[in-house]
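What follows is each chain in one-letter form.
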Amino acid sequence: YDHGWTPANRVRNLMLRSTFCLQPPGDTLTRKSFFDSLLLGCIPVIFRFDEAARQLLPFSDVLPYEQLVVHLPMQAIQNGSLDPAAELRAIP
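Each value, and the rule that gives it
- Residues numbered from 1 in each chain as written.
- Predicted model: local features only at pLDDT ≥ 70, side-chain atom pairs only at ≥ 80, totals over all residues.
- Heavy atoms only, no water.
- Helix = DSSP H or I, 4+ residues; strand = E, 2+ residues; numbered from the N terminus.
- Contact = heavy atoms within 4.5 Å.
- Areas by Shrake-Rupley, 256 points an atom, 1.4 Å probe, with all protein chains shown as cover.
- Lys, Arg positive; Asp, Glu negative; His and termini not counted.
- Charge placed at Lys NZ, Arg CZ, Asp CG, Glu CD.
- Polar contact = N/O pair within 3.5 Å; in protein donor to acceptor, adjacent residues only side chain to side chain.

Chemist: Tell me about the overall build of the chain, and name the residues and values.
Modeler: Helices and strands together make up the secondary structure of the chain, namely six helices and three strands. Going from the N terminus to the C terminus, the chain shows its helices and strands as α-β-α-β-α-α-β-α-α. Overall size of the chain, expressed as C-alpha extent along the three principal axes, is 45 × 30 × 25 Å. In the chain, the share of contacts with a sequence separation of at least 24, taken over all contacts with a separation of at least 6, comes to 44%. Counting every atom, the chain has about 6,400 Å² of accessible surface; 58% of that belongs to carbon and sulfur. Side chains of the chain carry 8 positive and 9 negative charges; the gap between the two charge centres is 9 Å.

Here it is as structure tokens:
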């Protein structure tokens, strides 16, 4: 008997215990995992936050997403000028 430990429950439990939840690039920022992170108190770490991406977020005209997420530019990670783990560790 697995005591309700389905894969979804495991992911949710990990998010509840985590400070940051990486949200790798995909079709949009508005996928379920992004909102699960916010609801479970895990700060979403996103890699794209340009104007076009912000406009895809619901209620972006009233919700201060720039205060709710951490943005790590993908290009800086790819070219080696930004260490994502070090960057996240440096956040108080």
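Okay, back to it.
Chemist: How would you sum up the side chain of Q23? Please name residues and give values.
Modeler: Within the secondary structure layout, Q23 lies in the loop between β1 (20–22) and α2 (32–39). At a separation of 2.9 Å, a polar atom in the side chain of Q23 contacts the side chain of S37. With sequence-adjacent residues up to four places away left out, Q23 is seen in contact with R31, S33, F34, S37, P44, V45, I46 and F47.

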